[in-house]
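Chain and residue survey
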Amino acid sequence: VSEYDVPMDEWYFDSNRQPMMPFSVLLEIALQPCGWLAAYMGSALTSDIDLHFRNLAGKATPVCQVPRDVGTLAVRVKSTGVSSSGGMIIQHYDYEVLAGSQTVYKANTYFGYFSDDALSEQVGLTTVTLHEASDEERAATEPFRYPDTGTYPGAQMRMIDQVEVFAP
């Protein structure tokens, strides 16, 4: 069990321009204890080479939003499986985030430890073709900066800076 005392005046509430905790922050609060438990279990110490730690996937159910006055969030993490093969280590976890006795987020995830060689062989998405805008499409519109005032997220929460729109 890990606990996080949510500061009522934390930057992410104002930057998100919402009275509720941004999902990205809740996700990080939930996953950090998984990473800590992975380190505590010492799996990476079984390798003679340096390994990189990556979150691979998971399935989650947000149950309710987290208001700024929530107080303390508790994260309960359970390691549900570890496997090792070819120098790689995969670890599975179940976890839930609670505000008092109420579950606010419940999920499972798995992480992996990988060597430089294993990561260099990742091919990515091989069946995807990126759209390349034609000169005609580019001439039809102009890029614009993403707004940073009003109801839009502040700079620390934005995931984009510029938008390019192309007519069909």
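My aim in this report is to walk through the structure given alongside it, one point at a time. The shown structure was predicted, so the numbers you read here are calculated from the model rather than taken from an experiment.

1. Some thoughts on the pairing of strand β3 (residues 72–85)
Bridge analysis of strand β1 (residues 2–5) against β3 gives four bridges, and the strand direction is antiparallel. Opposite Y4, over in β3, you have L73 as the bridge partner. With 12 bridges joining them, β3 and strand β4 (residues 88–99) adopt antiparallel strand pairing. By the bridge assignment for β4, V77 is matched with Y95. From the end of β3 to the start of β4, which pair antiparallel, there are two residues, and G86 there has a positive phi angle of about 60°.

2. Comments concerning the side chain of S15
Positionally, S15 belongs in helix α1 (residues 11–16). A relative accessible area of 9% means that S15 is categorised as buried. When sequence neighbours within four positions are dropped, the list of residues in contact with S15 reads P153, G154, A155, Q156 and M157.

3. Remarks on a negative patch on the surface
On the surface, D50, D116, D117 and E121 cluster together to form a negatively charged patch. With respect to the element layout, E121 can be found in the loop between α3 (116–120) and α4 (135–140). Accessibility expressed as a relative area gives 61% for E121, which makes it exposed.

4. Re the pattern of salt bridges
Within the structure shown, the criterion is met by one salt bridge. In this structure, the salt-bridge partner of R68 is D14, at a minimum N-O distance of 3.4 Å. Of this pair, R68 sits in the loop between β2 (52–62) and β3 while D14 sits in helix α1, and the two are 54 residues apart along the sequence. The exposure class of R68 is partly exposed, given its relative accessible area of 24%.

Each value, and the rule that gives it
- Residues numbered from 1 in each chain as written.
- Predicted model: local features only at pLDDT ≥ 70, side-chain atom pairs only at ≥ 80, totals over all residues.
- Heavy atoms only, no water.
- Pairing = 2+ DSSP bridges.
- Helix = DSSP H or I, 4+ residues; strand = E, 2+ residues; numbered from the N terminus.
- Buried < 20%, exposed > 50% of the residue type's maximum accessible area, 1.4 Å probe, protein only.
- Contact = heavy atoms within 4.5 Å.
- Patch = residues over 30% accessible without salt bridge, like charges linked within 9 Å, V, L, I, M, F, W, Y side chains within 5 Å.
- Areas by Shrake-Rupley, 256 points an atom, 1.4 Å probe, with all protein chains shown as cover.
- Salt bridge = Lys/Arg side-chain N within 4 Å of Asp/Glu carboxyl O.
- Lys, Arg positive; Asp, Glu negative; His and termini not counted.
- Charge placed at Lys NZ, Arg CZ, Asp CG, Glu CD.

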